[in-house]
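Descriptive analysis of the structure
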Amino acid sequence: MDISSIEYVVFQHIMKRGTGKIIEENDNYLLIFDSVSEGYYLACADYESGMKILEKYITKDWKLLMVTEPERKMPAEKFRVYEAKETLVNEAMNAAGASLGKKAARKYDFNGPMECYQFAFLNADGEEVCFEEEVNDLDSKRVDGLSRKMIEHEARGLHAEMKDGEAGKLLSEMAEDEANEMTEETRDLLSVRVADENDFSMLSANYDLISKEELKDLVMQGNILLGYDEDRLVGFIGQHHEGSMGLLYIFPEYRKKGYGSRLEQVMIKKIRKTGFIPYCHVITDNKASIRLQKGLGLVQTKNTVSWMWR
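Now for a description of the structure that goes with this document. On a predicted model such as this, the values are computed, not experimentally measured, just so you know. (Residues numbered from 1 in each chain as written. Predicted model: local features only at pLDDT ≥ 70, side-chain atom pairs only at ≥ 80, totals over all residues. Heavy atoms only, no water.)

**Remarks on the sheet that holds strand β10 (residues 279–283)**
- Strand order in the open sheet formed by 7 strands is β1-β2-β3-β4-β11-β5-β10, and the pairing between neighbours is mixed. Single-partner strands in this sheet number two, and they are β1 (20–25) and β10. Here the strands of the sheet are splayed against their neighbours by 25° on average, with no regard to which way each runs.
- Direction of pairing for strand β4 (residues 64–68) relative to strand β11 (residues 299–309): antiparallel, over a ladder of 5 bridges. In the strand pairing of β11, M66 is matched with W307. (Pairing = 2+ DSSP bridges. Helix = DSSP H or I, 4+ residues; strand = E, 2+ residues; numbered from the N terminus. Axes fitted to C-alpha atoms, helices over the stretch in contact; angles between N-to-C directions.)

Below, the structure written as structure tokens:
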């Protein structure tokens, strides 16, 4: 299967860094396992091909699965009517195309799915976009893992003892805060450094959307950046294991000043320096996060992806 288009940026990243193992592929699908995230990733051209390959390989040992959603062939409104009638669920999912994740989660007893838009740092012609301004140099510690704003919470099923909708509301509010245009002061004064083990207590006290074990792993790999206004820590951002930017957190007293946007710019530049395309996943109904990504010049891909977990 051709995965050269930006719709398959996750697969491109995993295969380029050499951590992906191809389980099976043909012209209609590609199934890989990533040794870093310990997840399975399925790209497919249509619903039937996707379900066929899952039926062949899936086991109860699979803890994390991401699937690309085929192009929708039925209006969402009509699909919901079909889906409401249990006897027509299979027909509806087959016709809609965009429900592969929903069908797989139901059939194979996964939590989720969570459907997300993908955003990549490209222009309309698919070329990389460069920031005109320079950012402060980062420490030389290696940053080669990846992250996500909400996926790192949901895709692992680590709900962090939060009530339904609470995490989504929190992150949406933070994205709204950080979507504001950065001030000249923010642009000039923000500096960054790579978090180390001495920062773990601070990070874990302020960010509980992933497990402490995973957070510690990201810290030890040098995958989290801290942002400073002079000597004041204003927030942090990270890179999660499978490929997307995230873990963005700005301390309350520094919100609505553009620090979140600035931190993401720094992360984008860092990822580009390693030769990868910066990208992120945003839950489809998180309008504030969508505005933030578009405001930073990221391009929304045509397809969505669905995450599920056990």
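**Some words on the pairing of strand β9 (residues 245–250)**
- Counted residue by residue, β9 has 6 buried out of 6 residues, so it is predominantly covered.
- Summarising the sheet, strand β8 (residues 232–239) and β9 pair through 4 bridges and their orientation is antiparallel. If you follow Q239 over to β9, its bridge partner there is M245.
- Joining the antiparallel neighbours β8 and β9 is a turn of 5 residues, in which G243 adopts a positive phi near 150°. (Buried < 20%, exposed > 50% of the residue type's maximum accessible area, 1.4 Å probe, protein only.)

**Focus on the environment of N206**
- With respect to the element layout, N206 can be found in helix α9 (residues 200–206).
- Its relative accessible area of 26% is what places N206 among the partly exposed residues.
- Separated by 45 residues in sequence, N206 and F251 have C-alpha atoms that sit 8.6 Å apart.

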